[in-house]
Amino acid sequence: MSSEPKKVGRRTFINYIVTIIATGVIVGAATYFAVPKEAVTKTIERTVTTTVTKSLTSATVPKPSSLTIGIVAGPESKGIKAVAPLFEKEYDIKITFAEYPYDALYEKYVTTFEAGMSSFDLIMSDDVWMPKWGSEGWMTPLDVEFGLKTYENSDIPKTSYWLGSWPPPTGPVPPGEEKKSRHLYGLSIVGNMQVFVYRKDLINKPPETWDEVLSNAQKVNDPSKGIYGFVVRGMKGEPATMHFLPIMKSFGGDFFADDWRIRLTDKEVIDALKFEIELKKLSPPGSENFDAAERARAVAMGSAAQAITWPAEITDFILNPEVSKVMDKVEIVPVPGGKNLPCSAHTGNWLLCIPKFIPNDKKYWAFEFMKWILTPNVQKEYALSGGIPVLKTVQTDPELVKKYPYQSALKAAYEGSDTRIEQGLPALCYPRTPELMAIVTIVGTYINAALAGLETAESAMQKAKEELINYLKPKGYPVY
Amino acid sequence: MRKLKPYYILNLPSLFFVFIIGTYLILFAIKTSIFDYKTGEFILFSNILRLAKDNYFLSSLNTTVIYVVITVLTTIVIGLSIAEFLHYFVQNSKLRSFITLLLIFPLATAPVAVGVMGRLIFTPEYGIMNVILQQLKVINEEIKWFSEPLTALTAVIFMDLWEWTPYVTLVAFAGLQSIPKEVYEAAQLDGASKIKTFQYIDLQYLKPLIFLLLIFRTADEFKIFDIIMVMTKGGPGFSTETLAVYLYRVSFKYFDLSYGALLALLIMVVMMVVSSVLNKLLWKEVIQPFR
C-alpha cells in the first residue's frame, strides 16, 4: 500500500462541501422548526421567581456587586451618570451603564426582552415605550412587588404615575388590554417637558395663546435681517409629530377618540395643521427638515424669535455662553395653552423600570436605586448636575430656578398635564398603544409632507388616516 | 483511503462557520416571513397579498432603482476620469501619494458622519452649497434642498458620490498602473491618439475591474441607508425613501418583523438576480474571451 495521500480533485472536494452543507441545512432546519419558540421562552420564564419581594428587607436580600442600567446616549442621562457614584458610595453597589443611541437602545431592549431575558437590571425608558412594555408584560409591577401606590407621593407629578401605569388610566385602551388589571411599571426620573422660548427684546410679553404666537411671529418676521418669527421642527417622522402635538391639543384635537375613531380629519386637527403651516411660512427656510438640533441652533444664533423647545436644547444651546448669541435676550415660559388647557406642553419623560427577567435580589436593589434617586436630596444633586428633575419641590427650589430658568416652565407643564388627568383625560403625551412608534411615524410623514407643501392639510391628514386604518385594523383596533 | 490536502482541510472551519451563520439567518428570515413571529400563525399568503398592494414598497423600489442607476454610473464615470487624469497628468510620485491620501478620507468617513455633513452643507440658511452656487451665479435665490423631492434626492446623491467616487478612482488607478508600459509604447509607435489609447488599451485592461466595480457598487447602493436616514429620513414625504429605509420603517418602527423579513428576502433575491446578470456579463465579456 502506498503511503502517498491520494489526490482529491476539485470536483470531489465540491462534492464533500455540498454533502456537508446539505446535511447542515437539513439538521439545522429540522432542529429550528421542531423546537417551538414558546418552549424556550417558558423555560426561561420559569427561572424568574414570582416571590413577592415587598416583604424583603435590605438585611435579608443579598447585595449584588453591581447593577447594570440601560441608558440613552444623550443629555437625558447626564443626571443619572452624575449621581451614580453617590449611590455606589452609600450602598457599596457598583453601577454600570450600558449606553446606546436612542433607536439602538429601543431595538436592544425589544430584542433582548423578546428572547425572555435581560442584560439590564434597570432600564431608562422613554415614556413612549411604556405601552410596549405594559402590553408585553416585560416589566416588574412595582405595586405588586414593592407595594408602591399610584399617586401616593404628592411630590411626584400625577403625570409620572400616569405614564408608568398600564393599561392607561384614561383615554382609549388598545384591544386585548381592556381586561388586564392596571399596574405601575415605572416612574419618571427625567422630568422632560416641552417649554417655550421667545425673544424678550423683540416681543413685549410672553405669548399666552397660539394666536399670540402667530401674531408675534408676523410682527417680528424680517428675513432681510435674518430674523424669522418662529421655527418649526418639521423633520419627517417622530420629530414632526411631537412638534405638532401641543398645537393640535390646544386646538382641541387629538389622534383618537376614546372608541379609537381616528380624529385626524376632524376640523380641530385640520385647523391646527393649517395653523402650523402658517407658522412654517414664518420659519427659517428648510425647517420642514429641521430636527431639534437645527431648531435650537436657529434660536441660539438669533434667527428665530419663538420656538417650542426641550430643556436640553436650552442648557446645551440657547443658554450656553459658548454657543448662544441670545443669552440675555430670551425668556423661557410655559408652552401656550388652549381651550380648557392651561398649558399644552407634552411629555418627553424618561422612566426607570425593572425588567421582570432578573433575579429577585437584583430587583430589590434596583428598586432601592429607584427610590433613592427620587429622594429630594438626590434629586437636587441630580438637577444641579444637569439632570431634569421630576419632584415638584425640586422644580421650585430657588437655587435651581436661578441656575436653570426653565424650571418654572417645567412645573407649569406638569400642572397642565396633571389638570388633564384630574379632568379624566389622558396626560399630555402620545396615544398609549404599543403601535405608537408606527402611528407617530405615519402621522409625522404626512405632517412633513404638508409642511414641505407636497400635500394640503386636508389631503395629508386624509392619507394619514387611511394609512392608520390599513395599519391598525388588522391588529384588531376598531378604527374608522 | 483518500487523504485531503491540507489547504482543503484548513478551509473547512471557515467555510463551516460562514455557512452556518448565513444559513441560520436566512432560515430565520424565511421562517419569520412565513409564520407570524409572535403568534406562529401562517401569514405568508397575507404578507404576499399585502406586498402586491403595497404602494410604499413600489415607491421605495422606484426610488432605489433611480438612486442605484445614477450613483453607480456617475461614480464609475467620474472615478474613472479622475483615475485617467492621475495616470496621465500627475507624474510626480509625492503629489500622487498626497492625492491618494486625500482620496482615502471620504472612504474612511463613517456614512453617518457623511450624512451629518450633508445636512450642514445643504441646509438653506447657512449651508455652504447655496453659498457656492450663488457665488458662481448658478442660482439667484437659495435652494430649499430638503423641501422638494428632486432637490432632496440630488443632495443625498451628491453626498453618496462624494463618499464613493474615490473608491472607484483608487481601484481604476491601481488597474491603470498595472498596464505594461510596452503596450503604450507600441500604441505610440502606431500613432494611436489619446482617445484610441483609452478605448483600446485602458478600457480593455480595466474591463474586468469595471465589471467588478459595477457588481460591488450596485450591491452597496441597493442597501443605501445611513446617509438617507441622517439627511432626510426618507422625506420630504416618501420622496427619498429607498428599500432599506422602508424595510427599517416596517421592521423597527412598526415592529412588523414578519413583513420586514419578507421584504428583506425580496431585496436579497433582487440582488441575487442583478448580481448574477452582471456576473454573466463579466464572464461573457471579460473572462471567456481569454480562455
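Predicted, not measured: the structure shown is a model, and the values here were computed from it.

A. Structural detail: the overall build of chain B. Tallying secondary structure elements over chain B gives twelve helices and zero strands in all. When the helices and strands of chain B are listed from N to C terminus, the series reads α-α-α-α-α-α-α-α-α-α-α-α. Expressed as lengths along the three principal axes of its C-alpha atoms, the size of chain B is roughly 80 × 75 × 30 Å. Burial statistics for chain B: of 291 residues in total, 30% are counted as buried.

B. A look at the overall build of chain A. Helix and strand counts for chain A come out as 19 helices and ten strands. For chain A, buried positions account for 51% of its 480 residues. Taking contacts inside chain A between residues at least 6 apart in sequence as the whole, the part at least 24 apart equals 74%.

C. Seen up close, the domain arrangement of chain A. Residue and element names in this part refer to chain A. In terms of domains, chain A is made up of domain 1 (61-192 + 348-422) and domain 2 (195-346 + 435-475). For domain 1 versus domain 2, the distance between C-alpha centres works out to 27 Å. Opposite the 20 residues of domain 1 that make contact, domain 2 presents 22 residues. Residue contributions to the side of domain 1 that touches domain 2 peak at seven residues, all from helix H17 (residues 407-422). Of the residues assigned to the side of domain 1 that touches domain 2, the class counts are twelve nonpolar, six polar and two charged.

D. The arrangement of the environment of Pro111 of chain B in detail. Turning to its location among the elements, Pro111 of chain B is positioned in helix H5 (residues 111-122). Pro111 of chain B sits 49 residues away from Asp160 of chain B along the chain, and the two C-alpha atoms are 8.7 Å apart.

E. Geometry of the pairing of strand S1 (residues 66-72) of chain A. Residues and elements named next belong to chain A. Among the seven residues of S1, six are classified as buried, and the element is accordingly described as predominantly covered. Inspection of the sheet shows S1 paired to strand S2 (residues 94-100) by seven bridges, in the parallel sense. Within S2, the residue paired with Ser66 across the bridge is Lys94. What joins S1 to S2 is helix H3 (residues 78-91), and the crossover it makes is right-handed. Relative to strand S3 (residues 122-126), S1 runs parallel, the two sharing two bridges. The residue of S3 that forms the bridge with Gly70 is Ile123.

F. Spotlight on the sheet that holds strand S10 (residues 350-353) of chain A. All names here are of chain A. Ordered by their spatial adjacency, five strands build an open sheet running S2-S1-S3-S10-S6, and the pairing between neighbours is mixed. Looking at strand neighbours, the two that pair on one side only are S2 and strand S6 (186-190), the edges of this open sheet. Across the sheet, the mean angle separating the axes of adjacent strands is 30° when strand polarity is ignored. Strands S1, S2 and S3 of the sheet are contacted by helix H4 (residues 102-114), whose axis makes an angle of about 130° with S1. In this fold helix H13 (residues 360-373) packs onto S1, S3, S6 and S10, with an angle of close to 55° to the strand it touches most, S1.

G. Spotlight on helix H9 (residues 194-222) of chain B. Residue and element names in this part refer to chain B. Taking 1.5 Å per residue, 29 residues should reach 42 Å; H9 reaches only 35 Å between its end C-alpha atoms and comes up short. Of all bends in H9, the biggest is about 55°, found at Lys207, and the proline Pro208 comes one to four residues later. Among all positions in H9, only Asp202, Leu206, Ile210, Leu213, Arg217, Glu221 and Phe222 are buried. Contact partners of the buried residues in H9: helix H3 (55-89), helix H7 (149-177) and helix H12 (257-287).

H. The arrangement of the nonpolar core in detail. Residue and element names in this part refer to chain A. Counting residues in each nonpolar core, the largest one holds 139 residues, and the members touching the most others are Val195, Val197, Phe230, Val299, Ile318 and Ala413. In terms of residues, this core owes the most to one element, helix H18 (residues 436-451), which gives twelve residues. Composition of this core by domain shows at least three residues from each of domain 1 (61-192 + 348-422) and domain 2 (195-346 + 435-475). Beyond its immediate chain neighbours, meaning those up to four positions away, Ala413 contacts Met193, Gln194, Val195, Pro334, Val335, Cys343 and Ala345.

Criteria and thresholds
Residues numbered from 1 in each chain as written. Chains lettered and ligands numbered in written order. Predicted model: local features only at pLDDT ≥ 70, side-chain atom pairs only at ≥ 80, totals over all residues. Helix = DSSP H or I, 4+ residues; strand = E, 2+ residues; numbered from the N terminus. Buried ≥ 20, exposed ≤ 12 C-beta atoms within 10 Å, placed from the backbone. Contact = placed C-beta atoms within 7 Å. Domains from an automatic or database assignment. Nonpolar A, V, L, I, M, F, W, Y, C, P; charged D, E, K, R; others polar. Pairing = 2+ DSSP bridges. Right-handed = clockwise from strand over helix to strand, strands pointing away. Axes fitted to C-alpha atoms, helices over the stretch in contact; angles between N-to-C directions. Expected span 1.5 Å × (residues − 1). Bend = angle between axes of the 7 residues up to and from the residue. Core = buried A, V, L, I, M, F, W, Y, C linked by C-beta atoms within 7 Å.

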